[in-house]
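Spelled out from the first residue to the last, the chains are:
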Amino acid sequence: MTDVLRTPERRVEGREKVTGTARYAADAAREGMLHAAFAGSPYPHARVLAVDTAAARAVPGVRAVLTGADVRPARFGRRLLDWPVLAWDRVRFIGDRVAAVAADTPEAAERAAALVDVTYEELPAVFDMDAALAPGAPLIHPDAADYRMLGVTRPPVPHPNAQGHQVHEHGDPAAGFAAAARVFEHELALPPVHHAYLEPRAALVWIDGATVHVVTTNKAPFSLRAQLAAVAGVAEDAIVVHTPHVGGDFGGKGLSLDEWPLYFLARVTGRPVRSVLRYADELQISNTRHGARIRLRTGVDRDGRITAHEARVRFDGGAYAAGKPIPFLMPGEAMATLAGYRVPAARVEATCAYTNHLPAGHDRAPGQPQNSFAAESHLDLIARELGVDPLELRERNAIRAGDVDVHGDEWHASEMPRVLAELRRASGWGRPLPPGHGRGVALGARHVGRGKTSLELTLDERGDVVVRSGVTDQGGGALTMIGRVVARELAIAPERVRVEQVDTARSPVDPGVGGSRVTMVHGNAALDGARKLAAARDAGAAPPIRVVGSADQTAHMFGSYAYAVEVELDRETGAFRVVDATLVADVGTVINPVAVRGQLEGGFAFGLGQALMEELAIVGGRVVTASFGEYKIPSIADVPPLRLVLLTDAPGPGPFGAKSVGELANPAVVGAVANAVADAGARVLTLPISAEKVLAALRGGAA
Amino acid sequence: MSLFSYTKPRALSEALRLLRGGATALAGGTDLVTLVRHGVARPERLVDLTGIEGLRGWSREKGKGIRIGALTPLADLETSAQLAKLLPIVRESLRDAATPQIRNVGTVGGNLLQRNRCWYFRDEGVPCWLKGGTRCFAVDGESRYHAVVGAHECWMVSPSDLAPALIACDAEIEVASSLGRRRMKLADLFVAPQGKRRREHALREGELVAAVRVPEGALERRGTYLKAMERKAWSFAIVSVAASARIREGRARDVRVVLGGVAPVPWRVAAAEKQLEGTALDDNACLAAADTLLDGATPLRDNGYKVTLARELVRRALRSLAG
Ligand SMILES: Cc1cc2nc3c(=O)[nH]c(=O)nc-3n(C[C@H](O)[C@H](O)[C@H](O)COP(=O)(O)OP(=O)(O)OC[C@H]3O[C@@H](n4cnc5c(N)ncnc54)[C@H](O)[C@@H]3O)c2cc1C
Ligand code: SF4
């Protein structure tokens, strides 16, 4: 039989999706269901003095109107519970919810929500992350000491407006800077951006006896269950969470917004209550990628080799830290300012500030695009100053086995030199360019996912297998991957493995999708289960054979990649086009060939959007780009063909040697594009790289 | 979203009667429906014009130019090979307007009468001047897409791609109401909101646009349309330029230059066109005319770039007519 992994996969959910029969959370409905709508704050920061719901209650069809007083002291979050389900004393951003309505129709609910009469007293708002962290800044969370943190105690912060703070130091930075031939310093900035998944958040909650049921777009159902148990004060096993198909996630769907007020509405009405977020609200109130301002200082020797590095990273966390799952309450890779390079000595300090902007959370490789844009621009500026070819400078500094990275960790293996050599070849680096063209390079590295899970496998009389897993599939192809791993190990056709995604009542605890984890963790659990099935079968056990496959993936390892990008620039208008792009990616063994290509090409388009046009423009706390007309993401016409080179022979810790790809390749696109535009004559230090900024840079102005 | 009643008459007279009674015209709905859904427009009664025979399609009468029914879908104009020969500028202006899906549904009349795209205007929660409030939020807010010239209290820009192109062809419109028909210059349909007039269009209560007419003379002119966008599809113009001229022995006559995206109306300055009469449309003449067009421009905080961009696009458009 031919190797399963060599044939392109068939998505297990593909048929449902292309025929339109796939069901999403917004499609869930129940007898007697009510519809929810919410009233949000028009002010970025204000005290709530009074809430009058009389007019809202009088709207025909309205069944319940709840305010902060009804839910107090319920706050939610993925780690820190700092976001009130409904604000009772204070609102902290425009859109912060103060009341929730359940009514017979969505129209009645919306009409009533608009009639909730709130008396506010405006408070001074703070929008800039540095201003928020300055002494004497208005306090956004005066009661922070009372907040609960799930699972851990909250690490100390240097300022009451800091959500999280981390400092790392290794080597001897002072000596490294003293020994440097040159020292360079640059500051770069990025605005917040949105994931722009197709499906807005939606949820349906009902209470059946003692059991709370939730249908949700949350991609980590067990985490939501734990959070809801904490917020509602019910036992975890009294909650059943079901996540049907998720229409795109990119990290954003780890945070639930509507489920909390829906729970309270379902409790007071005794009816199922559903809501589907309007996309305008996705852009106005849901968790964005953090805006950032990053200052980098790096010393290099005469050959351009890094001797010491210093970084000060500031993130705009917005009004709540609720969207962040990691204990430090920072974007995951907040400290990765020079990912993929040898850094003998470094001091990196990162702080995430509370501001009166909409809350920021996780977005595909959290923290990495910010740091990558800063670092790759910084190194390119250094290369130009030194008169060294930018790719050459990277080759000299690329991390090798035995080197220490920016975190002070030693790499035991590194594919980075090979990635760069391949990039040099595949992109035709050095080939003369037509006038008006520029070429840029950027590299990146991302850890593969870690974590543990279990799933159930049953082998029946015909030799077919059913796998039950609590994992969700947000479009990444998790279920297909699990099926193919089992099929390959048992040497059967993938069609003979059925993978069922089941709710939290019918599956072992699962960490959900995120952190580049699924192929590493769920894939290994599937492999473990398949091996157990094979062993039992070979030992003569009679079908049906049921086993539990488990994995605890702890290996720390990196995937490496690099881009070369070519742009064509119009010097009179500043407009430019990306005309050519090459990506070399070290991905290990490929399980889903189509999905791997899709993740890498999609990651490229994702990064391209951030480079070229994406920006949540916020004025006085209000998002003005509150539709896809204003909030621009690239159309297919904006995305050039991508020359993709996969390195598959350096095995990772996943099944059969797989590595992660979902968040591998989006971060470095921004730097590669910025560097290509700079090569064509315009260095732009803030994203997005608009024609206007390019023209200003061409004419010698600030950009 | 507010509640409304909906009627789809077959006869124009019936539609006009309903409009006279205060109903709102609905064509393809690509603009109006969004405004209603977002709570910005709150019509009580909608009259769907798409069931009316005779308002759809275009025709040419020798010597009388071209007549385009107001309910003609944009895609019909864009894809007609015959029209592309007679009036290539129309196809050029539509090719990058909106998306193929929207052009299939959106109509000529709806395109000309679409509301502006100012993000404060489109946000139900912002009570700006144009919506009856006391101030324009763009003046001291995010103003990158707003007007640089010709604005009074309101700094929105005329968003249509079709309007500058048709104005560069001296287009007129046929306006119908239950009281009768009148003709007007298409350029006069657009008004800069000012004083008591908090609106973008000059139609009177109860009127609709029945057709657009392009005179025979305009068919003899060469025309072109250039549009600067932030992405390659589904993007309103940052700046656009429609230009047309008759070229005789290397000299330009009957020049028209109309800018989109820079002013509350499609922006045209007679002196700039006059200045180009008889020139060879060389760089100097083009840039001088561009300066006249943009004379008195007062950009807001974020949109000074439009002036530079408009100047360059005017030069390119006019140069291409000469070439
Ligand atoms: C995503 C998007 C992108 C777009 N990009 C562009 C672009 O790049 N360039 C561009 O030019 N346009 C663009 N548009 C606008 C689009 O072209 C218009 O929405 C469309 O042409 C409107 O036509 P309609 O028939 O759907 O009008 P409707 O939405 O039905 O009506 C629009 C308005 O016109 C009035 N109206 C309609 N017909 C008549 C009539 N015959 N007489 C009097 N009043 C009438 C209606 O009352 C309403 O106020 C875009 C629109 C969208 C949604
Ligand atoms: S430009 Fe016009 S529509 Fe926009 S905020 Fe100002 S007044 Fe309102």
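In what follows, the structure referred to is the one given above.
So, a few notes on the structure that sits alongside this text.

Rules and cut-offs
- Residues numbered from 1 in each chain as written.
- Chains lettered and ligands numbered in written order.
- Predicted model: local features only at pLDDT ≥ 70, side-chain atom pairs only at ≥ 80, totals over all residues.
- Heavy atoms only, no water.
- Near = heavy atom within 4 Å.
- Polar contact = N/O pair within 3.5 Å; in protein donor to acceptor, adjacent residues only side chain to side chain.
- Areas by Shrake-Rupley, 256 points an atom, 1.4 Å probe, with all protein chains shown as cover.
- Helix = DSSP H or I, 4+ residues; strand = E, 2+ residues; numbered from the N terminus.
- Pairing = 2+ DSSP bridges.
- Axes fitted to C-alpha atoms, helices over the stretch in contact; angles between N-to-C directions.
- Contact = heavy atoms within 4.5 Å.
- Buried area = accessible area lost by both parts, 1.4 Å probe.
- Salt bridge = Lys/Arg side-chain N within 4 Å of Asp/Glu carboxyl O.
- Buried < 20%, exposed > 50% of the residue type's maximum accessible area, 1.4 Å probe, protein only.
- Phe/Tyr/Trp six-rings, centres within 6.5 Å; stacked < 30°, edge-to-face > 60°.
- 1 Å grid on protein atoms, 1.4 Å probe; cavity = no way out; pocket = protein on both sides within 12 Å on 5 of 7 lines; lining within 4 Å.
- Points joined across faces, edges and corners; volume = space filled by probe spheres on them.
- Nonpolar A, V, L, I, M, F, W, Y, C, P; charged D, E, K, R; others polar.
- Core = buried A, V, L, I, M, F, W, Y, C linked by side-chain atoms within 4.5 Å.

**What about the site of ligand 1?**
Residues and elements named next belong to chain B.
- Among the 33 residues in the neighbourhood of ligand 1, the closest are listed as Ala25, Gly29, Thr30, Thr107 and Trp234.
- Within the contact set of ligand 1, a nitrogen atom lies 3.3 Å away from a side-chain nitrogen or oxygen of Gln114.
- About the coverage of ligand 1: the protein hides 93% of its 960 Å² of free accessible area.
- Counting only elements with at least two residues in the shell around ligand 1, the list comes to strand E2 (24-26), helix H7 (108-113) and strand E8 (208-214).
- Among the elements that line the shell around ligand 1, the one with the most residues is H7, at four residues.

**Thoughts on the sheet that holds E2(B)**
Residue and element names in this part refer to chain B.
- Pairing within the open sheet is parallel, and its three strands lie in the order E1-E3-E2. Of all strands in the sheet, those bounded by a partner on one side alone are strand E1 (5-7) and E2. Looking at each pair of strands side by side, their axes are set apart by 30° on average, direction ignored.
- Pairing geometry for E2 and strand E3 (residues 45-48), over three bridges, is parallel. When the bridges of E3 are listed, Ala25 appears paired with Val47.
- Across the sheet, helix H1 (residues 12-20) touches E1, E2 and E3, and the angle it forms with E3 is around 160°.

**A short note on the interface of chain A and chain B**
- Listed as interface residues are 28 residues of chain A and, on the opposing side, 26 residues of chain B.
- Taken as a group, Glu630(A), Lys632(A) and Glu692(A) account for 21% of the area that chain A buries against chain B, more than any other trio of residues on that side.
- Counting across the chain A and chain B interface gives five salt bridges.
- For Glu230(B), the salt bridge goes to Lys632(A), with nearest N and O atoms at 3.2 Å.
- Here chain A and chain B share eight residue pairs in polar contact (both at pLDDT 80 or more) between them.
- Residue contributions to the side of chain A that touches chain B peak at three residues, all from helix H17 (residues 691-698) of chain A.

**Notes on the pattern of salt bridges**
Residue and element names in this part refer to chain A.
- Under the definition given, this model contains 82 salt bridges over all chains.
- Residues Asp104 and Arg271 are paired through a salt bridge, measuring 4.0 Å at the closest nitrogen-oxygen approach. Placement of the pair is Asp104 in the loop between strand E8 (97-103) and helix H4 (106-115) and Arg271 in the loop between helix H8 (259-269) and strand E16 (273-276), with a sequence separation of 167 residues.
- Across the pair Asp380 and Arg683 runs a salt bridge whose closest N-O atoms are separated by 3.2 Å. Highlighted residues: Asp380 in helix H10 (residues 368-386) and Arg683 in the loop between helix H16 (669-679) and H17, separated in sequence by 303 residues.
- In this structure Asp380 comes out as buried when scored by relative accessible area, which is 0%.

**As for the packing of aromatic side chains**
All names here are of chain A.
- Scanning the model with the defined rule gives 15 aromatic pairs over all chains in all.
- Look at Phe76 and Trp83: their rings are 4.9 Å apart centre to centre, the planes differ by 25°, and that puts the pair in the stacked class.
- Among the residues examined, Phe76 registers a relative accessible area of 2% and is labelled buried.
- When the ring of Trp411 is compared with that of Phe558, the centres are 4.2 Å apart and the planes differ by 10°; the resulting orientation is stacked. With Trp411 in the loop between helix H11 (390-397) and helix H12 (416-426) and Phe558 in strand E25 (residues 558-569), the pair connects residues that are 147 residues apart, well separated along the chain.
- Residue Trp411 is classed as buried on the basis of its relative accessible area of 4%.
- Every member of this aromatic cluster is reached through a ring pair, and the members are Phe76, Trp83, Phe93, Trp260 and Tyr320.

**Remarks on empty space enclosed by the protein**
- Enumeration according to the criterion identifies eleven cavities of 30 Å³ or more in this entry.
- Approximately 320 Å³ is the volume found for the largest cavity.
- Around the largest cavity sit 21 residues that line it, and Glu630(A), Arg117(B), Tyr145(B), Phe236(B) and Ala237(B) are the ones nearest its centre.
- Residue composition of the lining of the largest cavity, grouped by class: ten nonpolar, six polar and five charged.
- By volume, the second largest cavity amounts to about 100 Å³.

**As for the nonpolar core**
- Tyr563(A), Leu600(A), Val673(A) and Leu318(B) are the most contacted members of the largest nonpolar core, which totals 177 residues.
- Beyond its immediate stretch of four places on either side in the chain, Val673(A) contacts Val565(A), Phe576(A), Val578(A), Leu608(A), Ala611(A), Leu612(A) and Ile689(A).
- Formed by 48 residues, the second largest nonpolar core is a distinct cluster that contains Trp83(A), Leu86(A), Ala100(A) and Phe264(A).

**Things to note about the site of ligand 2**
- The immediate surroundings of ligand 2 are formed by Cys118(B), Tyr120(B), Phe121(B), Cys128(B), Trp129(B), Leu130(B), Cys136(B), Phe137(B), His146(B), Cys154(B), Trp155(B) and Met156(B).
- Tallied by class, the residues present in the shell around ligand 2 amount to eleven nonpolar, one polar and no charged.

**Some words on the pairing of strand E3 (residues 62-67) of chain A**
Residues and elements named next belong to chain A.
- Among the six residues in E3, five count as buried, and that is most of the element.
- Bridge analysis of E3 against E8 gives five bridges, and the strand direction is antiparallel. When the sheet's bridge partners are listed, Leu66 is paired in E8 with Ala100.

**Section: the sheet that holds strand E22 (residues 465-469) of chain A**
Residues and elements named next belong to chain A.
- If you trace the four strands from one edge of the open sheet to the other, you get E23-E22-E21-E24, paired in mixed fashion. Single-partner strands in this sheet number two, and they are strand E23 (497-501) and strand E24 (545-553). Between one strand axis and the next, the sheet turns through 25° on average, direction left out of account.
- Contacts from helix H14 (residues 518-538) reach strand E21 (451-459), E22 and E24 within the one sheet, and its direction differs from that of E24 by about 145°.

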